[in-house]
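# Inside the fold
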Amino acid sequence: MKQQFLDLGKQPLANVFLDTQDEKEFTYNLKVGFDEETKLVSLMEYVDSGLMFNDTYTYSASMSETMKKHFKEVAGFIYSNLLGGTISEGHLRGYQFDRQAYKFDAPIDGYILEIGSNDGVFMKQFVSNDNLVVGVEPCGNFSDITNQLGYKTYERFWNKETSEIIKKENGRPKVVFAANCICHIPDLDETFSSVESILDKNGVFIFEDPSLLEMINRNSFDQIYDEHAHIFSVLSLNNILSRNNLTIIKVINSPVHGGSNIIIAKRTVDLNETDIDPSVKTNIDNEQIFGLDKFETFQRWSKKIEDNKTDLLILLNNLKKSGKKVISYGATSKSTTVFNYCGIDSRLIEFILDTTPAKQGKFSPGMHIPVIKYSPELMNDVSYVFLGAWNFVEEIKNKESNFVKNGGKFLTHVPKIMMV
Ligand code: DWN
């Protein structure tokens, strides 16, 4: 039974940008709860998946060098550690792993199934003519891209029926991979049992999503929005995976997206005791020491979030009063949550810069702040830039070194209101 601990107010869909400021919008109440039995943190009410994920979906994972590099590394890890491929130095051609360039330790007799392949940022690490990687992507605008690139992609949501179709047409995958996808799916039992039923013998399920522990440490409450049905702790995943006959064998803590956990799991029936890496117990112990198994931990977090809102509004109103021009960098789902929770509109944030064509020339969800196509000149007469995409702060500061040199200031609200 979920018990509510947080109310982030009325919110729009985080990634649905408007053509005009007076367009009607879907809104819902963003409330978050904790389940005492599974220790899972989830939205109190889930938003219908079809409303969020369809042919007009705007989020493209390839819009940052940070994530392209990350998925190249993850692909290399999977290829060499889980598929028996050997990556010899110097054989990486740009972002294309040329499979022919590798000596194989053992013939690779399986394939990788990616759930939530988005724009192909992971799939594109592998050559497309081998059927080495097959995708599942419900947003047709993205599944079209990867199909046209030669990567077989099913325009479907992941569920039991999809797993049966793919098993029938492609056999059992050696690896099932998902990045920033599983936490978007309300029914975790069907999700995980469908993975368990398709995985090849000794196959591996590897998925990554934001870490609840890191989110509380950084107070990055803005990673809570309609698409994130759940915020995972290793503790809660361990409970839900094990009741679906999957066992976590390793946890890799990754810095991406403000701190994520890469979970590696196997079918429990395939397991032998030596499989389980100490990292599993270490992560669960750390989370229990922090109190992720106790409701009062989340009640305390909720108070910190309210204080953050107060402090951010004080800063932005003071900058406004002193005539400073403030804009935001990155039209992110995260900033949709912040701006709507705090009531921040174009009075305080004049416009938002973004490199994603599907977002440019539109208005941000809920607060209707103009989203403008990024160009360096637009940074010239700006004093302060709010980091909507704070998770890419290093990449952005490198790119905007002139702005920083000329005294420009980046400001963030995580873990507290500060200039970075
Ligand atoms: O789970 C999800 C995460 C992975 O991505 C999705 N449900 C939704 C989405 O969340 P987000 O919008 O908060 O993600 P990002 O990756 O923080 O979005 C970055 C945004 O900033 C993109 O619209 C691209 C833009 N950007 C930019 O304009 N200039 C990014 C960089 C690095 C830049 O230099």
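Residues numbered from 1 in each chain as written. Predicted model: local features only at pLDDT ≥ 70, side-chain atom pairs only at ≥ 80, totals over all residues. Heavy atoms only, no water.

### Things to note about the overall build of the protein
Which entries qualify depends on this criterion: A run of H or I in DSSP counts as a helix once it spans at least four residues, and a run of E counts as a strand once it spans at least two, with each numbered from the N terminus. The globule rule used here is 2.2 Å times the number of residues to the 0.38 power, and the radius of gyration it is set against is calculated over C-alpha atoms. Classification of residues uses two cut-offs on accessible area relative to the type maximum, computed with a 1.4 Å probe and protein chains only: under 20% is buried, over 50% is exposed, and between them is partly exposed. Whether two residues are in contact is decided by their heavy atoms: any pair within 4.5 Å suffices. Methods summary: accessible areas were calculated by the Shrake-Rupley approach with a probe of 1.4 Å, and residue burial reflects only the protein chains presented. Under this rule, positive means Lys or Arg and negative means Asp or Glu; His and the chain ends count for nothing. Just so you know, the charge point we use is NZ for Lys, CZ for Arg, CG for Asp and CD for Glu.
The helix and strand tally for the protein stands at 12 helices and 21 strands. Taken over the C-alpha trace, the protein has a radius of gyration of 22 Å; the compact-globule value for 420 residues is 22 Å, and the two agree within 12%. With respect to the three principal axes, the spread of C-alpha positions in the protein is 65 × 45 × 40 Å. A buried classification covers 56% of the 420 residues belonging to the protein. Here the analysis covers contacts within the protein between residues at least 6 apart in sequence; of these, 68% occur between residues at least 24 apart. Within the structure as shown, the protein displays about 17,400 Å² of accessible surface, and the carbon and sulfur contribution to it stands at 51%. Within the protein, the 56 negative side-chain charges are centred at a point lying 4 Å from the centre of the 45 positive side-chain charges.

### Examining the site of the ligand
Using the following cut-off: Residues are classed as near a molecule or strand on a simple rule: at least one heavy atom within 4 Å of it. Within 3.5 Å is the distance limit for a polar contact, defined as a pair of N or O atoms, with the added protein rule that one can donate a hydrogen and the other accept it, and that residues adjacent in sequence qualify only through two side-chain atoms. Each residue is assigned to one class: nonpolar for Ala, Val, Leu, Ile, Met, Phe, Trp, Tyr, Cys and Pro, charged for Asp, Glu, Lys and Arg, and polar for all the others, Gly among them.
In the vicinity of the ligand there are 26 residues, among which His-184, Glu-227, Lys-334, Asp-354 and Lys-359 approach most closely. With respect to the ligand, the side chain of Lys-334 contributes an N or O atom lying 2.6 Å from an oxygen atom. Thr-355 is positioned with one of its backbone polar atoms (N or O) 3.0 Å from an oxygen atom of the ligand. In isolation the ligand has 720 Å² of accessible area, and contact with the protein removes 97% of it. Of all the secondary structure elements, the ones that give two or more residues to the shell around the ligand are α10 (333–342) and α11 (393–399). Across the shell around the ligand, the residue classes tally to eight nonpolar, 12 polar and six charged.

### Quick notes on helix α8 (residues 278–290)
The test is simple: To estimate how far a helix should extend, the number of its residues minus one is multiplied by 1.5 Å. Think of it as the arc spanned by the lines of direction from the helix axis to the C-beta atoms.
When the terminal C-alpha atoms of α8 are compared, their 18 Å separation across 13 residues agrees well with the 18 Å that a helix rising 1.5 Å per residue should span. Along α8, the residues that are buried comprise Ser-279, Val-280, Asn-283, Ile-284 and Glu-287. With its buried residues spanning 130° around the axis, α8 presents them on a single face. Among the exposed residues of α8, those oriented more than 90 degrees off its buried face are Pro-278, Lys-281 and Ile-289. Considering only its buried residues, α8 is in contact with α6 (212–218), α7 (234–242), β14 (246–254) and β15 (260–267). Once α8 ends, the next one or two residues include Gly-291, with phi positive near 100°.

### Considering the packing of helix α5 (residues 188–198) against α7
Filter applied, for reference: Every axis in this analysis is a line fitted to C-alpha atoms, fitted for helices over the stretch in contact. Angles between the N-to-C directions lie between 0 and 180 degrees. Note on convention: near helix rotated counterclockwise from far helix by under a right angle means a left-handed crossing. Clockwise means right-handed.
It is the contact of α5 with α7, at a shortest axis distance of 9 Å, that shows an interaxial angle of 65°. When you trace α5 past α7, the crossing you get is right-handed. Packed against α5, whose contacting residues are Leu-188, Asp-189 and Phe-192, the element α7 presents Leu-237, Ile-240 and Leu-241 at the interface. Each residue belonging to the contact of α5 with α7 can be placed in one class, and the counts come to five nonpolar, no polar and one charged.

### Observations regarding the packing of aromatic side chains
Our working definition: Aromatic contacts are taken between Phe, Tyr and Trp rings whose centres are within 6.5 Å, Trp giving its six-membered ring; a plane angle under 30 degrees counts as stacked, one over 60 as edge-to-face, and the others as tilted. Counted as over-ring charges are cases with an Arg CZ or a Lys NZ within 6 Å of the ring centre that also lie within 35 degrees of the ring normal.
Applying the stated criterion to the full structure yields 16 aromatic pairs. Joined through ring pairs, the aromatic side chains of Phe-5, Phe-34, Phe-298 and Trp-301 make up one cluster. Geometry around Tyr-341 places Lys-309 over its ring, the cationic atom sitting 4.6 Å from the centre. Positioned above the aromatic ring of Tyr-374 is the side chain of Lys-399, whose terminal nitrogen or guanidinium carbon lies 4.6 Å from the ring centre.

### Some words on the sheet that holds strand β13 (residues 230–231)
Formally: Two strands pair if DSSP finds at least two bridges between them.
Read across the open sheet, the four strands follow the order β1-β2-β3-β13; overall the sheet is antiparallel. Where the open sheet ends on each side, the last strands, each with one partner, are β1 (2–12) and β13. The pairing of strand β2 (residues 27–35) with strand β3 (residues 41–43) spans three bridges and is classified as antiparallel. From the neighbouring strand, Val-32 faces β3, where its bridge partner is Leu-43. Across the sheet, α10 is in contact with β1 and β2; its angle to β1 comes to roughly 85°.

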